[in-house]
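Working through the structure, step by step
The chain contents come next:
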Number of protein chains: 4
Amino acid sequence: MKKIKVGIAGLGRLGKVHANNIAYKIPNAELTAACSIVPEELEFAKAQLGVSDVYTDFREMLEKADIDAVAIVTTSSEHCWQIEAALDAGKHVFTDKPLGVDVEQCRQAERAVERHPELTFMLGFMRRYDRSYAYAKEKIDAGAIGKPYMVKATGIDPEALVEGAIKFAPTSGGIFLDMAIHDIDLMRWFLGCEATEVYAQGCTFKHPEFREANDDETAVACYKFENGALGFVHVGRTAPHGYHVETEIIGTEGSIRISAVPEKNQAMLYNHTGAVTECVGSFPERFDEAYLLEMQEFIDCVCAGKQPCVSVYDGTKSTAIGYATTEAWKTGAIVKIV
Amino acid sequence: MKKIKVGIAGLGRLGKVHANNIAYKIPNAELTAACSIVPEELEFAKAQLGVSDVYTDFREMLEKADIDAVAIVTTSSEHCWQIEAALDAGKHVFTDKPLGVDVEQCRQAERAVERHPELTFMLGFMRRYDRSYAYAKEKIDAGAIGKPYMVKATGIDPEALVEGAIKFAPTSGGIFLDMAIHDIDLMRWFLGCEATEVYAQGCTFKHPEFREANDDETAVACYKFENGALGFVHVGRTAPHGYHVETEIIGTEGSIRISAVPEKNQAMLYNHTGAVTECVGSFPERFDEAYLLEMQEFIDCVCAGKQPCVSVYDGTKSTAIGYATTEAWKTGAIVKIV
Amino acid sequence: MKKIKVGIAGLGRLGKVHANNIAYKIPNAELTAACSIVPEELEFAKAQLGVSDVYTDFREMLEKADIDAVAIVTTSSEHCWQIEAALDAGKHVFTDKPLGVDVEQCRQAERAVERHPELTFMLGFMRRYDRSYAYAKEKIDAGAIGKPYMVKATGIDPEALVEGAIKFAPTSGGIFLDMAIHDIDLMRWFLGCEATEVYAQGCTFKHPEFREANDDETAVACYKFENGALGFVHVGRTAPHGYHVETEIIGTEGSIRISAVPEKNQAMLYNHTGAVTECVGSFPERFDEAYLLEMQEFIDCVCAGKQPCVSVYDGTKSTAIGYATTEAWKTGAIVKIV
Amino acid sequence: MKKIKVGIAGLGRLGKVHANNIAYKIPNAELTAACSIVPEELEFAKAQLGVSDVYTDFREMLEKADIDAVAIVTTSSEHCWQIEAALDAGKHVFTDKPLGVDVEQCRQAERAVERHPELTFMLGFMRRYDRSYAYAKEKIDAGAIGKPYMVKATGIDPEALVEGAIKFAPTSGGIFLDMAIHDIDLMRWFLGCEATEVYAQGCTFKHPEFREANDDETAVACYKFENGALGFVHVGRTAPHGYHVETEIIGTEGSIRISAVPEKNQAMLYNHTGAVTECVGSFPERFDEAYLLEMQEFIDCVCAGKQPCVSVYDGTKSTAIGYATTEAWKTGAIVKIV
C-alpha cells in the first residue's frame, strides 16, 4: 500500500487532532513533517507524533520536506497564501475551514486550485463527513424527503467554554464569521443552491462583554435561496447543556433532523429530576470521528487522483455569505448576496 | 339522550376519581347515589358531587336508590359479595380491580355474572383503555408486529410515595398481589393466551421495612404461556424518577413499547445536567384519562346492552396468576398455574 | 355548586368541541342555549347537546336566552361586534381566536371590555392551557431557564389536510394571519415583551395552488422584541408526518422545547424501518385537552369574578403582529410593529 | 514511543477488525505477524495489512515471529490452549470472547495466567469499553444510581442475518452460550457480585429450524445474585429493526439505560409513517469503536505492565454461568450456579 506523506502546518488544538489522525489512524498516510511558529508544538510533534523533520517556516517545509501533501491548520488569515504556495510547490492540499478571511483571499486560492487540476484540494468542512450528516445527505439524494426546500441550523457553543469566546470576541470578526460557516456550508450542500439574500439579528443577555466587543452572544439569520428555498441559522455561545449542533432539512415529502438532543452517548439516566441525557461538551468531542473521516477522504482522493465533494468554491461561497450575514447583522438591513 | 343513573360505593382516592367522572365528564351518565362507611366521604358526595341520596349500607342503596348501575370502588375484600348483591338486585355493575382477594370469591362473582347475562358487568382494568395501550392493541390486532410472543412489563411506584407502601406492606398480600395485577392482565390480553407456569424472585435494598413485613421492594416473575409464549413482569416501589409503567410486546414482525420514558408531558428541559424529561408522579396522573375512558365504555355498554372487552373471567384469571406468582416468590420454586 | 349558564354561538368543528365541553365536561357549567345560522348545527344542539333553546340570531339569544355567559365560536369577522353586544348585554364572554380580523375591530372589542370590568372576558389562546405549555410557563416563571431571550416556534398543518387549506387559501388572509396567531401569542407570553420589528419570507414547492392564490405553503418570520429578545416563527401546511407544533424557549440558564416529536401517544413501534413514533394528525387531536382546560378556566374565572391570563389586549397585539408579518412577507421588507 | 509488536491468530470477520485496529489505529502497536489456517486470510494479511511474516501454525508463530503479544481471534475451542502456549512463550495475550468452550478449559487458562503475572492478559469483553457502557460504569461508581441491585439485559440479533444463525444453530451450543455471554459479563460487572441461581425459558415462533436444531429463537433467564440482587437476560435472533442491544442497571437512587433505541446515528426522519430512527444493523457496526478502544487498552496495559479490568476469572465465571443457564433452559428447572 502506497502511503501518502503529509506535512502538517499548525499544531494548535485542532492541528493536534488532525496530526494524530494522519500519524496513527489512517492506513494510507504517514506524517513526515511538521511546521509551527510555536516551539512547544514542534516539541509535541517530535515527542508524541514521532516527527523529527520540523520547521518554523512554511515555505521551507514545502522546499525541503519529503511530503506529497500538506494539511493546513494555521490561523485563518494564513490559509490562502499557504494554499497557493503549497499547490505551486506541487503538493496536494488539505486546509481547515475557513478557506480565507475575506473573499479576495478566497479568489486567490481559487485561482491556485484552478492552476493545478492535477492536485487534490480539500476544504475541511468536516460536518459533511459526520456519520449523521452523511447519512442525511445520502437519504436526501435517494429521495427520502422529496425536494428539500428549507434548512434550519443551530450551532451553540457551551457556556462552559464561554471565557475563551469572550476573550476572542474583539478579533473574531463577529459571531457569524466565527461560528456560522459550517451551518452556511450545510445549507448550500443540502439545498444544492445558492443564497441570494440575508436578514440577521443578534442579542446579548448573559455576558455583556460580547456587546462591549461589538459582538453578540446569540444571533439568527434568515436566508433566501435562488430557487426560492429558505434557510435559518441560529448561533450562540451559552448553551448550558453543552455543545448544541442541530440541523433540520425539510422537503416536500419529509424532513430529517440531526441531533435534537446532542447526546454524549447512548446512556439515559433516570433520577429524581427525571430522565436525563447528558450532552456532548465541545466540538472536538462531537465531531471526533468526522475529523478522521474527512482526512481519510482527503488521503483516499490523493491516492485516487480525485477531488473530494468539498471544493474551493464552497469555501469562497461560504465566506461571501458569512460576510453578507455579518453586514446584515451589523446594519439591521436586508443584504443581497452576490 | 338517556342518562344511566349510577350509585357509587366507596369514595376513597380512586372512588373520588370515578365519582367525578360519572358526575361531570360522561354525557350519558349521572351520579344519583353514593355509599360509604366514612362520614367525610358522604359529606364530599353532597358538597362536591351534588349527590344528596347517600347511604352507609350497600344493600340499602341497592334497595332504595334510584339507580341503574353501581360502581364499586370499595376495599378489595368487599368487591365480590357487592357484585353479587348488585347483579341480583338488577343493577349493572362496574367494579374496580381486583375482582376479589382470592379465587373462590372470584368464582362467586363469575356465577353471579353468569346468572345475569342481561346486565352489563365490567372490571376496571383501566390500562386497556389508556390511549397508548389501546393503540398498541389495535396495531397488534391489525398485524403490525406479526404474532406476539413475549410481553415485558414494568410497574414501579415512585419513591416519593414509599411511606404509604411501607405502611400498607404487612397487609398488602405481597408485592405481586398488590402491584402486578394490571401487568398480568396486559400479558394475557396482548398474548391472547393463558399462563401455565411462573418463577419469581424479589429483593429489598433500600427500605428494610419491606422485608420485615415479609414483603419485598422489588420483584420479578417469568411466565410461560400455553402456546409457548413468554412473559416477564418487574414490579417495584422505589423509582426515584416517578411512576414508571412500561410495557413491551414483542412479535414475529416487530415490537411495540409503551412509555420507556414515563414523561409527564411533552416538554424537554435542556439545562446544565443535560436534556431532561420530567416523569409522571403517580398512577392517577398517568392514567387520569384512562379512568374516564373506561367508565365511558361501561356506560356506553350499559346503554347498548353489551358487555365490555374486560370480562369477569379476566378477573379470576389474573387473581389466580397473582396467587401463583406470590407462591413462586415466597417459595423460590417454579409454580404451575391451573 | 353554582352552574354558569352558557349560550354558544357557532357550532362548526371547533364550536362542537367547545359545546361538548361546556355541556358535559365542566362541572360548574351548563349549556343552555345555542345560536347558529346553519340549521344542521341547531339540530345537532338539540339532539346531541340536549339544548332546546336555539337561535338563528345572536342578538336575539342575548335578549331572550337564560344565560350568564356566551362562547363565541363564529366566523372570525363576526367576533368583535358579538363580543361588544354580549358584554353590553351583561354576559361574560369567551371568544375563540382570533380576536378580530383587523386591529380596528380589536380596539372596538377592547373598549367594550374596558366598559365592563365587572364581566369576565377570555380569548381562546388554548395553547397556553395545554399541559406542556402551561408546564413550560410555570418552569420559566420559577427560573428554570433564567431570563428567556428567544422563542423558536413551528406550526405545520398535515399534508393529509392540505386540500382544505388550498380551498381556503384565497380568503385566508395569507399564511401568517391564518396560521401564526398562536405562535405569535406564545412568543409574547413567554418573552413577556412586545415585538417591534419583523422580517418574513415564504415559499411554495409542493402545491402551486397556494402561489396562485397569492399565498404560500411555508413561511418564516424573524422578530425583534423591545428588550432585544428574538423570535422565529415557521409555519407550513404540508407536514407528511402529521400536525407538527413545536416551540422552544431559550433562556440564559437553559431552554425548554415542547414536542420535537409530536407524538400521537406514548407507544413506539420497532419494525423493519426502525423505531417509529406515530404523530398526531390534527389540531383538535393535539389540543383536545387544552380546549377543555381553557373553558374550565373561563368558567372558574366567571365563578370567581376574575379575569383569565389571556386578555383582550393579547388579541389586539397578536392581530397587529399578524398584520405586520403579513406585510413583511408580501413586500419582502423589514416592517416596524407599532 | 515504544511500539508493541503483535501477532494475530485468526483473520475471520472479527479477526480482520482487530487486525486493522492493531495495524492502523493504535499508535503504540504494530502488527508484525499473522497466523491462519485459511490461505485467503494470509493473503489478506499481506495485501491489506502489510504483514509479510505469516504462519499456518500457531506454535510456529510463537517461536519464530518478532512479537511481544498475540491477539487470539480463532475458533472458540482453540482459545485456551493458545492462551497457555502464548503465555508460556512469554507473550502478552489478548483473546476474544469466550475464554473457552467449557469450564475445564477456562481453568487451564486461569492456571497459565497465574503462572505469568508478569504478562498482560486480556479477555475481549468489548462492551465494557463501549463509550456508553463505560460511561454507565463510571457514573455508577461515582454513586449516580446508589447501590445497583438489578440488571436487565437484552441482546437480539437482526432478522436480516437470521440465515447465518439458523445454519450455525446445530453447533452453537444453544442460544445462551451463543449469545448471552456479554450480557452475563455485564450483569456481573455492574452488580459487582456473582450469580447463584438461574431459571430460563425459550420459544420459537418464526423459524422452526431453531427448534429442529434443539435451539430456540428467543430465550430469557432470571438470575439471583449472592447479595440478593437480580438479573434478567433476554436474547433473540429476529429483531426486524436491526441489532438490538439494550441494558438497564437499576439502583437504589436511580437507573441507567443504554440504547432503548439502538439508533444507527443521530438523524431522525419524519415521514408519512411518523418520526423514524433507523437502527444499527449488526454488532460490528454497533461496537466498532469499542473494539478499537479495548485493543488500545490492551496495548496500553502491556506498555504500562498492568492488567486490564477484564480478568481471566471473568471468562471462567461467565462461561460457568452460560452453562448453568443452558442447563436451566434445557431442563426447565432452577439451576444452582457453583
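First things first, this report covers the structure right here in the doc. (Residues numbered from 1 in each chain as written. Chains lettered and ligands numbered in written order. Predicted model: local features only at pLDDT ≥ 70, side-chain atom pairs only at ≥ 80, totals over all residues. Heavy atoms only, no water.)

**As for the side chain of A:His18**
Residues and elements named next belong to chain A. This is how the line gets drawn: For helices the rule is a DSSP run of H or I covering at least 4 residues; for strands it is a run of E covering at least 2, with both sets numbered from the N terminus onward. Think of it in three bands: with a 1.4 Å probe and only protein chains considered, a residue is buried below 20% of the maximum accessible area for its type, exposed above 50%, and partly exposed in between. Polar contact criterion, stated in full: a pair of N or O atoms within 3.5 Å, where within protein one must be able to donate a hydrogen and the other to accept it, and residues adjacent in sequence count only if both atoms are side-chain atoms. When checking whether two residues touch, look at their non-hydrogen atoms; a contact exists if any pair is within 4.5 Å.
Inspection of the secondary structure puts His18 in helix α1 (residues 13-25). Owing to a relative accessible area of 0%, His18 belongs among the buried residues under this scheme. Here Asp96 takes part through its side chain, which lies 3.2 Å from a polar atom of the side chain of His18. Among all residues touching His18, those that are not within four sequence positions of it are Ile8, Val73, Phe94, Asp96, Tyr291, Glu294 and Met295.

**A closer look at the packing of aromatic side chains**
Residue and element names in this part refer to chain A. The following threshold applies: Here a pair means two rings of Phe, Tyr or Trp (six-membered ring of Trp) with centres within 6.5 Å. Their orientation is stacked below 30 degrees between planes, edge-to-face above 60, and tilted elsewhere. Think of it as a cone above the ring: NZ of Lys or CZ of Arg counts as a charge over the ring if it is within 6 Å of the ring centre and within 35 degrees of the ring normal.
Here the structure, examined in full by the defined rule, presents 41 aromatic pairs over all chains. For the pair Tyr133 and Phe287, a centre-to-centre distance of 6.5 Å together with 40 degrees between the ring planes defines the contact as tilted. Here the residue Tyr133 occupies a position in helix α6 (residues 131-141), and Phe287 occupies one in the loop between α11 (283-286) and α12 (288-304), the gap between them amounting to 154 residues. As far as the burial class goes, Tyr133 and Phe287 line up, both buried. Cluster of aromatic residues (ring-pair linked, three or more members): Tyr133, Trp189, Phe190, Tyr243, Phe283, Phe287 and Tyr291. Positioned over the ring face of Phe287 is Arg286, at 4.5 Å from the centre of the ring.

**Section: the interface of chain C and chain A**
How we decide: Summed over both partners, the accessible area (1.4 Å probe) lost when two parts come together is defined as the buried area. A side-chain nitrogen of Lys or Arg and a carboxyl oxygen of Asp or Glu constitute a salt bridge if their distance falls within 4 Å. Nonpolar residues are Ala, Val, Leu, Ile, Met, Phe, Trp, Tyr, Cys and Pro. Charged residues are Asp, Glu, Lys and Arg, and all others, Gly as well, are polar.
Contacts between the two partners involve 35 residues from chain C, matched on the other side by 35 residues from chain A. Overall, the association of chain C and chain A removes approximately 3100 Å² of surface from exposure, summing both partners, and the carbon and sulfur fraction of that is 64%. Where chain C touches chain A, the interface holds four salt bridges. The closest approach of N and O atoms between C:Lys206 and A:Glu253, which form a salt bridge, is 2.6 Å. Viewed at the interface, chain A and chain C are joined by 14 residue pairs in polar contact (both at pLDDT 80 or more). Contributions of two or more residues to the side of chain C that touches chain A are made by β7 (148-158), β8 (195-203), β9 (218-225), β10 (230-239) and β11 (244-251) of chain C. Across the side of chain C that touches chain A, the residue classes break down as 15 nonpolar, 12 polar and eight charged.

**Looking at the interface of chain B and chain D**
Many structure descriptions define interface size as the accessible area lost when the parts assemble. Between chain B and chain D, the contact holds 35 residues from the first and 35 residues from the second. For the pair chain B and chain D, the two sides together bury roughly 3100 Å², of which 64% comes from carbon and sulfur. For chain B, the biggest contributors to the area lost against chain D are B:Tyr149, B:Tyr199 and B:Phe205; these three give 21% of the whole. Here D:Arg257 and B:Glu246 are joined by a salt bridge, their closest N and O atoms 2.7 Å apart. Taken together, the connections running from chain B to chain D amount to 14 residue pairs in polar contact (both at pLDDT 80 or more). Of all the elements in the fold, those that place two or more residues in the side of chain B that touches chain D are β7 (148-158), β8 (195-203), β9 (218-225), β10 (230-239), β11 (244-251) and β12 (254-258) of chain B. In terms of residue class, the side of chain B that touches chain D is built from 15 nonpolar, 12 polar and eight charged.

**Describing the pairing of strand β6 (residues 121-124) of chain C**
All names here are of chain C. Defined as follows: When DSSP finds two or more bridges between two strands, those strands count as paired. Here is how to tell: hold the view so the strands point away, follow the path from the first strand over the helix to the second, and if it runs clockwise the crossover is right-handed.
Both faces of β6 are covered, namely the face carrying Phe121 and Leu123 and the face carrying Met122 and Gly124. Bridge count for strand β5 (residues 92-96) against β6 is four bridges, and the pairing is parallel. Note that in β6 the partner of Phe94 across the bridge is Met122. As a crossover connection, the stretch from β5 through helix α5 (residues 103-115) into β6 is right-handed.

**Thoughts on the pairing of strand β8 (residues 195-203) of chain D**
Residues and elements named next belong to chain D. Burial of β8 is extensive: eight of the nine residues sit out of reach of the surface. Judged from the eight bridges that link them, β8 and strand β9 (residues 218-225) form a sheet pairing that is antiparallel. Each bridged residue has a counterpart across the sheet, and for Ala195 the counterpart in β9 is Phe225. When β8 meets strand β15 (residues 335-336), the two strands line up antiparallel, connected through two bridges. Pairing of Glu197 across the sheet is with Lys336, part of β15.

**A look at helix α9 (residues 181-191) of chain B**
Residue and element names in this part refer to chain B. Counting buried positions along α9 yields 11 of 11 residues, so the element is predominantly enclosed. Every buried residue belonging to α9 is among Ile181, His182, Asp183, Ile184, Asp185, Leu186, Met187, Arg188, Trp189, Phe190 and Leu191, and all of these are buried. Backbone geometry just after α9 places Gly192 at a positive phi near 60 degrees.

**A short note on helix α4 (residues 79-88) of chain A**
Residue and element names in this part refer to chain A. In terms of burial, α4 is largely enclosed, as seven of its 10 residues are buried. Three or more residues of α4 are buried, namely His79, Cys80, Gln82, Ile83, Ala85, Ala86 and Leu87. One or two residues past the end of α4 sits Gly90, with phi positive at roughly 85 degrees.

**Points about the sheet that holds strand β3 (residues 54-55) of chain C**
Residues and elements named next belong to chain C. Quick note on the threshold: Fitting a line to C-alpha atoms yields each axis, with helices limited to the stretch in contact; the angle taken between N-to-C directions then spans 0 to 180 degrees.
Spatially, the six strands line up as an open sheet ordered β3-β2-β1-β4-β5-β6, and their pairing is parallel. Two strands close off the open sheet at either side, each with one partner strand: β3 and β6. Here four bridges tie strand β1 (residues 4-9) to strand β4 (residues 69-72), and the two strands are oriented parallel to one another. Bridge assignment links Gly7 to a residue of β4, and that residue is Val70. Along the sheet, helix α12 (residues 288-304) contacts β1, β2 (29-35), β4, β5 and β6; its crossing angle with β5, the most-contacted strand, is approximately 165 degrees.

**Structural notes on the side chain of C:Lys152**
Note the following rule: Charge counting follows a simple rule: Lys and Arg are positive, Asp and Glu are negative, and His as well as the terminal groups are ignored.
Among the secondary structure elements, C:Lys152 is positioned in strand β7. No salt bridge is formed by the buried C:Lys152. Its closest oppositely charged neighbour is C:Glu248, at 4.1 Å. A polar contact of 3.0 Å, which involves the side chain of C:Lys152, links it to the side chain of A:Thr154. Beyond its immediate sequence surroundings of up to four residues, C:Lys152 is in contact with A:Thr154, A:Phe232, A:His234, C:Phe232, C:Glu246, C:Thr247, C:Glu248 and C:Ile250.

**Some thoughts on the relation of the copies chain B and chain D**
Keep this limit in mind: Our superposition of the copies is a least-squares fit, built on the C-alpha atoms of residues whose pLDDT is at least 70 in both.
Placing chain B over chain D gives an RMSD of 0.1 Å and needs a rotation angle of 180 degrees, together with 0.0 Å of translation along the axis. Interpreted geometrically, this transformation is the action of a two-fold axis. Comparing interface residues between copies, 100% of those in chain B also lie at the interface in chain D; the contact surface is shared.

**Considerations on the pattern of salt bridges**
Throughout the structure, instances matching the rule amount to 104 salt bridges over all chains. Across the pair D:Asp215 and D:Arg237 runs a salt bridge, and its minimum N-O distance is 2.7 Å. With a gap of 22 residues between them, D:Asp215 in the loop between α10 (209-212) and β9 and D:Arg237 in strand β10 (residues 230-239) connect regions that are remote in the sequence. Look at D:Asp215 and you get buried, because its relative accessible area is 1%. In this structure, a network of salt bridges that share partners links the residues A:Glu246, A:Glu248, A:Arg257, C:Glu246, C:Glu248 and C:Arg257.

**Overview of the environment of B:Arg128**
Along the chain, the position of B:Arg128 falls in the loop between β6 (121-124) and α6 (131-141). Non-local contacts of B:Arg128, meaning those with residues more than four positions away in its chain, are made with B:Ala134, B:Asp185, B:Arg188, B:Trp189, B:Cys309, B:Val310 and B:Asp314.

**Some details on the sheet that holds strand β5 (residues 92-96) of chain B**
Strand order across the open sheet formed by six strands is β3-β2-β1-β4-β5-β6 (chain B), with parallel pairing between neighbours. Two strands in the sheet have a free side with no partner beyond their single neighbour: β3 (54-55) and β6 of chain B.

**A closer look at the packing of helix α1 (residues 13-25) of chain C against helix α2 (residues 39-49) of chain C**
All names here are of chain C. Worth spelling out the cut-off: Each angle receives one of four descriptions, namely roughly parallel if under 35 degrees, roughly antiparallel if over 145, roughly perpendicular if within 65 to 115, and oblique otherwise. If you view the pair so one helix is near and one far, a crossing is left-handed when the near helix is turned anticlockwise from the far one by less than a right angle, and right-handed when it is turned clockwise.
Running from N to C, α1 and α2 cross one another at 30 degrees; their axes reach a closest spacing of 11 Å. Classified by the angle their axes make, α1 and α2 are roughly parallel. Viewed along their axes, α1 and α2 form a crossing whose handedness is right-handed. Along the contact surface, α1 presents Lys16, Ala19, Asn20, Ala23 and Tyr24, while α2 presents Phe44, Gln48 and Leu49. When grouped by side-chain class, the residues that make up the contact of α1 with α2 number five nonpolar, two polar and one charged.

**Describing the nonpolar core**
What counts, and what does not: We call a set of buried residues a nonpolar core when its members are Ala, Val, Leu, Ile, Met, Phe, Trp, Tyr or Cys and they connect through side-chain atoms within 4.5 Å of each other.
Core analysis: the biggest nonpolar cluster contains 206 residues, and C:Phe58, C:Met61, C:Tyr223, D:Phe58, D:Met61 and D:Tyr223 have the highest contact counts within it. Ignoring anything within four residues of it in the chain, the contact list for C:Met61 reads C:Gly7, C:Ile8, C:Ala9, C:Ala33, C:Ala34, C:Cys35, C:Tyr55, C:Ile67 and C:Val70.

**What about the state of the cysteines?**
Structurally, a disulfide amounts to a covalent bond that connects the sulfur atoms of two cysteines. The criterion, for reference: Our working definition of a disulfide is a cysteine sulfur pair at a distance within 2.5 Å.
Following the criterion strictly, the structure yields zero disulfides over all chains and no others. Distance from the sulfur of B:Cys301, which forms no disulfide, to the nearest cysteine sulfur (B:Cys309) is 8.6 Å.

**So, the environment of D:Met126**
All names here are of chain D. Among the structural elements, Met126 can be located in the loop between β6 (121-124) and α6 (131-141). Of the residues examined, Met126 reaches a relative accessible area of 2% and is grouped as buried. Sequence separation between Met126 and Asp96 is 30 residues, and the spatial gap between their C-alpha atoms is 8.7 Å. With residues near it in sequence (within four places) discarded, Met126 still touches His182, Phe287, Ala290, Tyr291 and Glu294.

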